[in-house]
Amino acid sequence: MDPIRIAVVGMGKIARAQHLPAIHGNRAFVLAATVSPHDPGEAGIPHHASLDSLLAEGPAVDAVALCTPPQVRYDLAAQALARGIHVLLEKPPGASLSEVAALEAQAQKTNATLFAAWHSRFAAGVAPARAWLAERRIDTVKIVWREDVRVWHPGQAWIWEPGGLGVFDPGINALSIATYILPRPFFLKAATLSIPANRAAPIAADMEFRDTAGVSISMDLDWRQTGPQSWDILVETDAGQVKLSKGGAVLSLPTGTEHNEDREYPGLYDRFATLIRGRRSDVDISPLRLVADAFLRGRRETTDAFHD
Ligand code: NAP
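Residues numbered from 1 in each chain as written. Predicted model: local features only at pLDDT ≥ 70, side-chain atom pairs only at ≥ 80, totals over all residues. Heavy atoms only, no water.

A few points about the overall build of the chain
Inference 1: For the chain, the helix and strand inventory stands at nine helices and 15 strands.
Inference 2: Taken over C-alpha atoms, the radius of gyration comes to 20 Å for the chain, in line with the 19 Å a tight globule of 308 residues would show.
Inference 3: Expressed along its principal axes, the backbone C-alpha trace of the chain runs to roughly 55 × 45 × 35 Å.
Inference 4: Counting every position in the chain, which comprises 308 residues, the buried fraction comes to 52%.
Inference 5: Across the chain, contacts joining residues at least 24 apart in sequence account for 70% of those joining residues at least 6 apart.
Inference 6: When the 31 positive and 35 negative side-chain charges of the chain are each reduced to one mean point, those points stand 3 Å apart. (Helix = DSSP H or I, 4+ residues; strand = E, 2+ residues; numbered from the N terminus. Rg over C-alpha atoms; globule rule 2.2 N^0.38 Å. Buried < 20%, exposed > 50% of the residue type's maximum accessible area, 1.4 Å probe, protein only. Contact = heavy atoms within 4.5 Å. Lys, Arg positive; Asp, Glu negative; His and termini not counted. Charge placed at Lys NZ, Arg CZ, Asp CG, Glu CD.)

Shown next as C-alpha coordinates:
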(Lines give C-alpha, C1' and ligand atoms only; values in the text may rest on other atoms or scores of the structure.)
Protein backbone atom coordinates (compact mmCIF):
# COMPACT_ATOMS: atom_id res chain seq x y z
CA MET A 1 0.00 0.00 0.00
CA ASP A 2 1.37 3.45 -0.91
CA PRO A 3 2.15 5.65 2.09
CA ILE A 4 -0.20 8.54 2.78
CA ARG A 5 1.48 11.76 1.58
CA ILE A 6 0.94 14.25 4.37
CA ALA A 7 1.67 17.96 4.80
CA VAL A 8 2.12 19.52 8.23
CA VAL A 9 0.51 22.95 8.35
CA GLY A 10 1.62 25.34 11.12
CA MET A 11 5.25 24.61 11.98
CA GLY A 12 5.18 25.77 15.60
CA LYS A 13 5.95 24.14 18.91
CA ILE A 14 3.74 21.05 18.69
CA ALA A 15 4.41 20.36 15.00
CA ARG A 16 8.15 20.19 15.63
CA ALA A 17 8.05 18.47 19.01
CA GLN A 18 5.47 15.78 18.21
CA HIS A 19 3.95 15.67 14.71
CA LEU A 20 7.17 15.45 12.69
CA PRO A 21 8.70 12.67 14.83
CA ALA A 22 5.40 10.73 14.84
CA ILE A 23 5.09 11.00 11.04
CA HIS A 24 8.73 9.99 10.47
CA GLY A 25 8.20 7.02 12.80
CA ASN A 26 5.06 5.74 11.06
CA ARG A 27 5.40 3.77 7.82
CA ALA A 28 1.81 4.54 6.84
CA PHE A 29 2.85 8.17 6.21
CA VAL A 30 5.44 10.11 4.29
CA LEU A 31 6.05 13.80 5.00
CA ALA A 32 5.41 15.38 1.59
CA ALA A 33 5.50 19.08 2.52
CA THR A 34 5.34 21.63 5.27
CA VAL A 35 3.37 24.89 5.33
CA SER A 36 4.01 27.87 7.59
CA PRO A 37 4.11 31.62 6.95
CA HIS A 38 7.41 32.34 8.73
CA ASP A 39 9.06 29.05 9.61
CA PRO A 40 11.69 27.94 7.03
CA GLY A 41 10.58 24.26 7.04
CA GLU A 42 12.78 21.18 7.03
CA ALA A 43 15.87 20.47 4.92
CA GLY A 44 14.92 18.41 1.86
CA ILE A 45 11.13 18.75 2.33
CA PRO A 46 9.16 21.09 0.03
CA HIS A 47 7.97 24.10 2.03
CA HIS A 48 5.23 26.66 1.30
CA ALA A 49 4.28 29.85 3.09
CA SER A 50 0.55 29.11 2.72
CA LEU A 51 -1.82 26.23 2.05
CA ASP A 52 -3.04 28.12 -1.07
CA SER A 53 0.47 27.98 -2.45
CA LEU A 54 0.90 24.26 -1.65
CA LEU A 55 -2.42 23.38 -3.29
CA ALA A 56 -1.64 25.48 -6.37
CA GLU A 57 1.97 24.43 -6.94
CA GLY A 58 2.28 21.02 -5.30
CA PRO A 59 3.59 18.53 -4.44
CA ALA A 60 0.36 16.51 -4.27
CA VAL A 61 -0.79 15.50 -0.80
CA ASP A 62 -3.41 13.04 0.45
CA ALA A 63 -3.68 14.48 3.97
CA VAL A 64 -2.88 17.52 6.09
CA ALA A 65 -2.24 17.84 9.82
CA LEU A 66 -3.40 21.28 10.95
CA CYS A 67 -1.14 22.37 13.82
CA THR A 68 -1.97 26.07 13.68
CA PRO A 69 -3.71 28.07 16.40
CA PRO A 70 -7.44 27.17 16.42
CA GLN A 71 -8.62 30.54 15.12
CA VAL A 72 -7.36 29.86 11.57
CA ARG A 73 -8.12 26.15 11.46
CA TYR A 74 -11.58 26.23 9.84
CA ASP A 75 -10.54 27.96 6.61
CA LEU A 76 -7.56 25.64 6.16
CA ALA A 77 -9.64 22.52 6.85
CA ALA A 78 -12.46 23.59 4.53
CA GLN A 79 -9.97 24.30 1.75
CA ALA A 80 -8.38 20.85 2.12
CA LEU A 81 -11.66 18.93 2.44
CA ALA A 82 -13.03 20.67 -0.68
CA ARG A 83 -10.29 18.84 -2.59
CA GLY A 84 -10.94 15.51 -0.90
CA ILE A 85 -7.80 15.84 1.24
CA HIS A 86 -7.99 14.10 4.63
CA VAL A 87 -7.65 16.40 7.64
CA LEU A 88 -6.27 15.93 11.15
CA LEU A 89 -7.32 18.79 13.42
CA GLU A 90 -5.01 19.40 16.39
CA LYS A 91 -6.93 20.05 19.59
CA PRO A 92 -9.11 22.02 20.04
CA PRO A 93 -10.75 21.10 16.71
CA GLY A 94 -11.90 24.66 16.08
CA ALA A 95 -12.60 28.06 17.54
CA SER A 96 -16.35 27.37 17.65
CA LEU A 97 -18.68 24.36 17.74
CA SER A 98 -20.55 25.43 14.62
CA GLU A 99 -17.47 25.51 12.43
CA VAL A 100 -16.54 21.97 13.48
CA ALA A 101 -20.10 20.81 12.64
CA ALA A 102 -19.75 22.45 9.22
CA LEU A 103 -16.45 20.64 8.61
CA GLU A 104 -17.96 17.32 9.62
CA ALA A 105 -20.77 17.76 7.10
CA GLN A 106 -18.29 18.81 4.43
CA ALA A 107 -16.08 15.76 5.06
CA GLN A 108 -19.09 13.50 4.65
CA LYS A 109 -19.95 15.12 1.31
CA THR A 110 -16.44 14.91 -0.11
CA ASN A 111 -15.81 11.43 1.33
CA ALA A 112 -12.64 12.62 3.04
CA THR A 113 -11.54 11.69 6.57
CA LEU A 114 -11.88 14.33 9.29
CA PHE A 115 -10.11 13.47 12.55
CA ALA A 116 -10.59 15.70 15.59
CA ALA A 117 -7.46 14.59 17.42
CA TRP A 118 -7.35 14.47 21.23
CA HIS A 119 -3.75 13.50 21.92
CA SER A 120 -4.22 13.07 25.69
CA ARG A 121 -6.62 10.19 25.07
CA PHE A 122 -3.63 8.23 23.77
CA ALA A 123 -1.58 8.76 26.97
CA ALA A 124 -0.44 5.44 28.42
CA GLY A 125 -2.72 5.33 31.47
CA VAL A 126 -5.93 6.42 29.80
CA ALA A 127 -7.19 3.22 28.11
CA PRO A 128 -6.49 1.04 31.21
CA ALA A 129 -8.17 3.65 33.44
CA ARG A 130 -11.27 3.56 31.25
CA ALA A 131 -11.39 -0.25 31.35
CA TRP A 132 -10.93 -0.32 35.16
CA LEU A 133 -13.55 2.37 35.82
CA ALA A 134 -16.14 0.69 33.58
CA GLU A 135 -16.65 -1.97 36.26
CA ARG A 136 -16.69 0.25 39.39
CA ARG A 137 -19.11 2.53 41.21
CA ILE A 138 -17.81 6.07 40.90
CA ASP A 139 -18.33 8.33 43.93
CA THR A 140 -16.50 11.58 43.12
CA VAL A 141 -14.05 12.93 40.56
CA LYS A 142 -11.52 15.70 41.05
CA ILE A 143 -9.52 17.21 38.19
CA VAL A 144 -6.53 19.38 39.10
CA TRP A 145 -4.73 20.95 36.12
CA ARG A 146 -2.28 23.60 37.36
CA GLU A 147 0.65 24.73 35.28
CA ASP A 148 2.87 27.75 34.72
CA VAL A 149 1.80 29.54 31.53
CA ARG A 150 5.15 31.32 31.34
CA VAL A 151 6.90 27.95 31.05
CA TRP A 152 4.50 26.23 28.64
CA HIS A 153 3.18 29.05 26.45
CA PRO A 154 5.78 31.82 26.40
CA GLY A 155 4.86 34.61 23.99
CA GLN A 156 1.88 32.77 22.42
CA ALA A 157 -0.34 35.81 21.84
CA TRP A 158 -3.08 33.79 20.08
CA ILE A 159 -3.80 31.76 23.22
CA TRP A 160 -5.04 34.89 25.05
CA GLU A 161 -7.28 36.02 22.18
CA PRO A 162 -10.96 35.05 21.68
CA GLY A 163 -10.98 31.47 20.41
CA GLY A 164 -7.55 30.79 21.92
CA LEU A 165 -9.24 29.41 25.09
CA GLY A 166 -6.71 30.70 27.63
CA VAL A 167 -6.30 28.17 30.45
CA PHE A 168 -8.78 25.88 28.69
CA ASP A 169 -6.10 25.23 26.06
CA PRO A 170 -4.47 22.75 28.49
CA GLY A 171 -7.73 22.23 30.41
CA ILE A 172 -9.44 20.75 27.37
CA ASN A 173 -6.87 17.93 27.48
CA ALA A 174 -8.14 16.99 30.95
CA LEU A 175 -11.70 17.11 29.63
CA SER A 176 -10.75 14.95 26.66
CA ILE A 177 -9.52 12.31 29.14
CA ALA A 178 -12.46 12.65 31.54
CA THR A 179 -15.06 12.37 28.76
CA TYR A 180 -13.29 9.20 27.61
CA ILE A 181 -12.66 7.37 30.91
CA LEU A 182 -15.86 8.18 32.80
CA PRO A 183 -18.74 5.86 32.01
CA ARG A 184 -21.52 8.47 31.81
CA PRO A 185 -21.92 11.88 30.14
CA PHE A 186 -21.45 14.90 32.42
CA PHE A 187 -22.38 18.53 32.19
CA LEU A 188 -21.61 21.88 33.78
CA LYS A 189 -23.46 23.08 36.88
CA ALA A 190 -21.38 26.14 37.76
CA ALA A 191 -18.11 27.81 36.80
CA THR A 192 -16.05 30.86 37.68
CA LEU A 193 -13.65 32.12 35.03
CA SER A 194 -10.84 34.46 36.17
CA ILE A 195 -9.82 36.75 33.31
CA PRO A 196 -6.79 39.06 33.53
CA ALA A 197 -7.75 42.73 33.14
CA ASN A 198 -5.60 43.05 29.98
CA ARG A 199 -6.58 39.74 28.28
CA ALA A 200 -9.59 38.20 26.53
CA ALA A 201 -9.25 34.66 27.86
CA PRO A 202 -9.19 33.13 31.37
CA ILE A 203 -6.03 32.45 33.37
CA ALA A 204 -7.92 30.21 35.82
CA ALA A 205 -11.28 28.47 36.17
CA ASP A 206 -13.15 26.62 38.90
CA MET A 207 -15.81 24.29 37.65
CA GLU A 208 -18.43 21.96 39.02
CA PHE A 209 -19.94 19.26 36.82
CA ARG A 210 -22.47 16.48 37.49
CA ASP A 211 -22.83 13.26 35.58
CA THR A 212 -26.18 11.81 34.60
CA ALA A 213 -26.22 9.68 37.79
CA GLY A 214 -25.57 12.73 40.00
CA VAL A 215 -21.83 12.12 40.61
CA SER A 216 -19.91 15.33 41.34
CA ILE A 217 -16.91 16.19 39.15
CA SER A 218 -14.83 19.21 40.15
CA MET A 219 -12.18 20.88 38.05
CA ASP A 220 -9.47 23.26 39.26
CA LEU A 221 -7.66 24.88 36.36
CA ASP A 222 -4.91 27.42 36.93
CA TRP A 223 -2.11 28.87 34.84
CA ARG A 224 -0.40 30.67 37.73
CA GLN A 225 1.21 27.58 39.23
CA THR A 226 4.92 27.85 39.92
CA GLY A 227 6.99 24.99 41.36
CA PRO A 228 5.54 21.48 40.93
CA GLN A 229 2.95 21.23 38.16
CA SER A 230 -0.24 19.14 38.40
CA TRP A 231 -2.06 17.34 35.63
CA ASP A 232 -4.07 14.93 37.76
CA ILE A 233 -7.47 13.24 37.70
CA LEU A 234 -8.54 11.54 40.95
CA VAL A 235 -11.51 9.20 40.96
CA GLU A 236 -12.94 7.80 44.21
CA THR A 237 -14.65 4.46 43.64
CA ASP A 238 -16.17 1.61 45.65
CA ALA A 239 -12.86 -0.24 45.16
CA GLY A 240 -10.54 2.63 46.18
CA GLN A 241 -8.89 5.62 44.55
CA VAL A 242 -7.68 5.81 40.97
CA LYS A 243 -5.21 8.54 40.08
CA LEU A 244 -4.17 9.46 36.58
CA SER A 245 -1.20 11.81 36.79
CA LYS A 246 1.28 13.50 34.46
CA GLY A 247 -1.50 14.22 31.97
CA GLY A 248 -2.64 10.60 31.77
CA ALA A 249 0.82 9.00 31.48
CA VAL A 250 0.87 7.41 34.94
CA LEU A 251 -2.01 5.36 36.32
CA SER A 252 -2.20 4.52 40.04
CA LEU A 253 -4.76 1.87 40.91
CA PRO A 254 -5.43 0.47 44.39
CA THR A 255 -3.44 -2.56 43.17
CA GLY A 256 -0.32 -0.61 42.09
CA THR A 257 1.12 2.00 39.71
CA GLU A 258 1.60 1.58 35.97
CA HIS A 259 4.11 3.64 33.98
CA ASN A 260 4.05 2.85 30.29
CA GLU A 261 5.85 4.16 27.24
CA ASP A 262 4.58 7.49 25.89
CA ARG A 263 2.63 6.78 22.70
CA GLU A 264 0.39 9.84 22.48
CA TYR A 265 1.32 11.12 19.02
CA PRO A 266 2.33 7.73 17.57
CA GLY A 267 -1.10 6.50 18.73
CA LEU A 268 -2.78 9.51 17.15
CA TYR A 269 -1.15 8.84 13.76
CA ASP A 270 -1.96 5.11 13.89
CA ARG A 271 -5.59 6.12 14.40
CA PHE A 272 -5.47 8.69 11.58
CA ALA A 273 -4.07 6.06 9.17
CA THR A 274 -6.79 3.57 10.18
CA LEU A 275 -9.49 6.19 9.63
CA ILE A 276 -8.11 7.16 6.21
CA ARG A 277 -7.80 3.56 5.05
CA GLY A 278 -11.35 2.87 6.22
CA ARG A 279 -12.69 6.16 4.75
CA ARG A 280 -14.13 7.11 8.13
CA SER A 281 -14.14 10.24 10.28
CA ASP A 282 -13.83 10.64 14.05
CA VAL A 283 -15.14 13.94 15.35
CA ASP A 284 -15.95 13.87 19.06
CA ILE A 285 -16.69 17.42 20.11
CA SER A 286 -17.65 16.63 23.73
CA PRO A 287 -14.51 18.24 25.32
CA LEU A 288 -14.99 21.44 23.29
CA ARG A 289 -18.71 21.47 24.14
CA LEU A 290 -17.90 21.46 27.88
CA VAL A 291 -15.51 24.38 27.39
CA ALA A 292 -18.14 26.23 25.35
CA ASP A 293 -20.60 25.62 28.20
CA ALA A 294 -18.12 27.15 30.67
CA PHE A 295 -18.05 30.32 28.55
CA LEU A 296 -21.87 30.15 28.18
CA ARG A 297 -22.75 29.51 31.81
CA GLY A 298 -19.71 30.57 33.85
CA ARG A 299 -19.44 33.69 35.99
CA ARG A 300 -16.59 35.97 34.94
CA GLU A 301 -14.25 37.68 37.39
CA THR A 302 -11.59 40.18 36.44
CA THR A 303 -8.20 39.46 37.95
CA ASP A 304 -4.68 40.98 37.89
CA ALA A 305 -3.31 41.91 34.48
CA PHE A 306 -0.97 39.29 33.04
CA HIS A 307 2.34 40.16 31.35
CA ASP A 308 4.54 37.51 29.72
P1 NAP B 1 2.62 27.78 18.08
O2 NAP B 1 3.95 27.36 18.60
O3 NAP B 1 2.20 29.19 18.22
O4 NAP B 1 2.60 27.34 16.55
C5 NAP B 1 1.54 27.61 15.68
C6 NAP B 1 2.11 27.82 14.30
O7 NAP B 1 1.04 28.00 13.39
C8 NAP B 1 2.96 29.09 14.21
O9 NAP B 1 4.31 28.73 14.29
C10 NAP B 1 2.58 29.69 12.86
O11 NAP B 1 3.65 29.59 11.94
C12 NAP B 1 1.52 28.73 12.30
N13 NAP B 1 0.43 29.42 11.61
C14 NAP B 1 -0.34 30.44 12.05
N15 NAP B 1 -1.27 30.75 11.11
C16 NAP B 1 -1.05 29.91 10.07
C17 NAP B 1 -1.67 29.73 8.81
N18 NAP B 1 -2.71 30.49 8.41
N19 NAP B 1 -1.19 28.77 7.98
C20 NAP B 1 -0.17 27.99 8.36
N21 NAP B 1 0.47 28.11 9.53
C22 NAP B 1 0.02 29.06 10.39
O23 NAP B 1 1.47 26.91 18.73
P24 NAP B 1 1.54 25.40 19.28
O25 NAP B 1 1.91 25.42 20.71
O26 NAP B 1 2.32 24.54 18.35
O27 NAP B 1 -0.02 25.04 19.23
C28 NAP B 1 -0.70 24.84 18.00
C29 NAP B 1 -1.93 23.99 18.28
O30 NAP B 1 -1.50 22.75 18.84
C31 NAP B 1 -2.88 24.63 19.31
O32 NAP B 1 -4.21 24.38 18.96
C33 NAP B 1 -2.52 23.92 20.60
O34 NAP B 1 -3.62 23.83 21.50
C35 NAP B 1 -2.14 22.53 20.08
N36 NAP B 1 -1.23 21.81 20.97
C37 NAP B 1 -0.14 22.42 21.53
C38 NAP B 1 0.67 21.72 22.43
C39 NAP B 1 1.89 22.33 23.07
O40 NAP B 1 2.43 21.73 24.02
N41 NAP B 1 2.38 23.47 22.62
C42 NAP B 1 0.36 20.39 22.75
C43 NAP B 1 -0.71 19.78 22.11
C44 NAP B 1 -1.51 20.50 21.23
P45 NAP B 1 4.77 30.71 11.62
O46 NAP B 1 5.67 30.66 12.84
O47 NAP B 1 5.42 30.19 10.41
O48 NAP B 1 4.06 32.01 11.47
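Structure's up, so let's keep going.
What to know about the site of the ligand
Inference 1: Residues in contact with the ligand amount to 24 residues; listed here are only the nearest, Ile14, Ser36, His38, Gln156 and Asp169.
Inference 2: Tryptophan 158 places a side-chain nitrogen or oxygen 2.9 Å from an oxygen atom of the ligand.
Inference 3: Of the residues assigned to the shell around the ligand, the class counts are 11 nonpolar, seven polar and six charged.
Inference 4: Shared between two domains, the shell around the ligand takes at least three residues from each, and those domains are domain 1 (4–119 + 265–283) and domain 2 (121–260 + 292–303). (Near = heavy atom within 4 Å. Polar contact = N/O pair within 3.5 Å; in protein donor to acceptor, adjacent residues only side chain to side chain. Nonpolar A, V, L, I, M, F, W, Y, C, P; charged D, E, K, R; others polar. Domains from an automatic or database assignment.)

Observations concerning the domain arrangement of the chain
Inference 1: Domain annotation for the chain reports domain 1 (4–119 + 265–283) and domain 2 (121–260 + 292–303).
Inference 2: For domain 1 versus domain 2, the distance between C-alpha centres works out to 26 Å.
Inference 3: Buried area between domain 1 and domain 2, both sides added, is near 1200 Å², and the carbon and sulfur share of it is 61%.
Inference 4: Remark: the boundary between domain 1 and domain 2 carries one salt bridge.
Inference 5: A salt bridge links aspartate 169 to lysine 91; its shortest N-O distance comes to 3.3 Å.
Inference 6: The dominant element in the side of domain 1 that touches domain 2, judged by the number of residues it contributes, is helix H8 (residues 264–277), at three residues.
Inference 7: Class assignment of the residues belonging to the side of domain 1 that touches domain 2 gives a composition of eight nonpolar, three polar and three charged. (Buried area = accessible area lost by both parts, 1.4 Å probe. Salt bridge = Lys/Arg side-chain N within 4 Å of Asp/Glu carboxyl O.)

With respect to the nonpolar core
Inference 1: Counting residues in each nonpolar core, the largest one holds 75 residues, and the members touching the most others are Val64, Val87, Ile143, Phe168, Leu182, Met207 and Phe209.
Inference 2: With seven residues, helix H7 (residues 168–181) is the largest single contributor of residues to this core.
Inference 3: Per-domain counts for this core show at least three residues from each of domain 1 (4–119 + 265–283) and domain 2 (121–260 + 292–303).
Inference 4: If we ignore the near neighbours within four places in the chain, the residues touching valine 87 are Val64, Leu66, Ala77, Ala80, Leu81, Thr113, Leu114, Phe115 and Phe272.
Inference 5: In terms of nonpolar packing, the next biggest core, distinct from the first, is built from 24 residues, Met11, Ala15, Ala22 and Phe29 among them. (Core = buried A, V, L, I, M, F, W, Y, C linked by side-chain atoms within 4.5 Å.)

Here's the deal with the packing of helix H5 (residues 126–133) against H7
Inference 1: The interhelical angle for the contact between H5 and H7, taken along N-to-C directions, is 35 degrees, at an axis separation of 9 Å. Along its contact with H5, which presents Val126, Ala129, Arg130 and Leu133, the element H7 presents Ile177, Tyr180 and Ile181.
Inference 2: Broken down by class, the residue content of the contact of H5 with H7 amounts to six nonpolar, no polar and one charged. (Axes fitted to C-alpha atoms, helices over the stretch in contact; angles between N-to-C directions.)

Looking at the sheet that holds strand E5 (residues 86–89)
Inference 1: Overall, parallel pairing links the six strands, which are arranged E3-E2-E1-E4-E5-E6 in an open sheet. If you trace the sheet from one side to the other, it starts and ends with strand E3 (47–48) and strand E6 (114–116), each paired once.
Inference 2: Here three bridges tie E5 to E6, and the two strands are oriented parallel to one another. Opposite leucine 89, over in E6, you have alanine 116 as the bridge partner. (Pairing = 2+ DSSP bridges.)

Overview of the environment of isoleucine 138
Inference 1: Its place among the elements puts isoleucine 138 in strand E7 (residues 138–146).
Inference 2: Looking at isoleucine 138, the relative accessible area reads 6%, which means it is buried.
Inference 3: As a C-alpha pair, isoleucine 138 and glycine 171 span 33 residues in sequence and 22 Å in three-dimensional space.

Overview of the packing of aromatic side chains
Inference 1: A complete count under the given rule lists nine aromatic pairs for this structure.
Inference 2: Measuring from ring centre to ring centre gives 5.5 Å for tryptophan 152 and tryptophan 231, while their planes differ by 80 degrees; the resulting arrangement is edge-to-face. You can see tryptophan 152 sitting in helix H6 (residues 149–152) and its partner tryptophan 231 sitting in strand E11 (residues 230–237), a full 79 residues away along the chain.
Inference 3: Given the relative accessible area of 34%, tryptophan 152 is considered partly exposed.
Inference 4: When the ring of tryptophan 160 is compared with that of tryptophan 223, the centres are 5.1 Å apart and the planes differ by 55 degrees; the resulting orientation is tilted. Taken as a pair, tryptophan 160 in the loop between H6 and H7 and tryptophan 223 in the loop between strand E10 (216–222) and E11 lie far apart in primary sequence, 63 residues in all. Each of the two residues, tryptophan 160 as well as tryptophan 223, counts as buried.
Inference 5: Feature note: the residues Phe29, Phe115, Tyr269 and Phe272 constitute an aromatic cluster, connected by ring pairs.
Inference 6: A cation over a ring is seen here: arginine 130 above tyrosine 180, with NZ or CZ 4.1 Å from the ring centre.
Inference 7: The ring of tryptophan 132 carries the charged tip of arginine 136 above its face, separated from the ring centre by 3.9 Å. (Phe/Tyr/Trp six-rings, centres within 6.5 Å; stacked < 30°, edge-to-face > 60°. Lys NZ or Arg CZ within 6 Å of the ring centre and 35° of its normal.)

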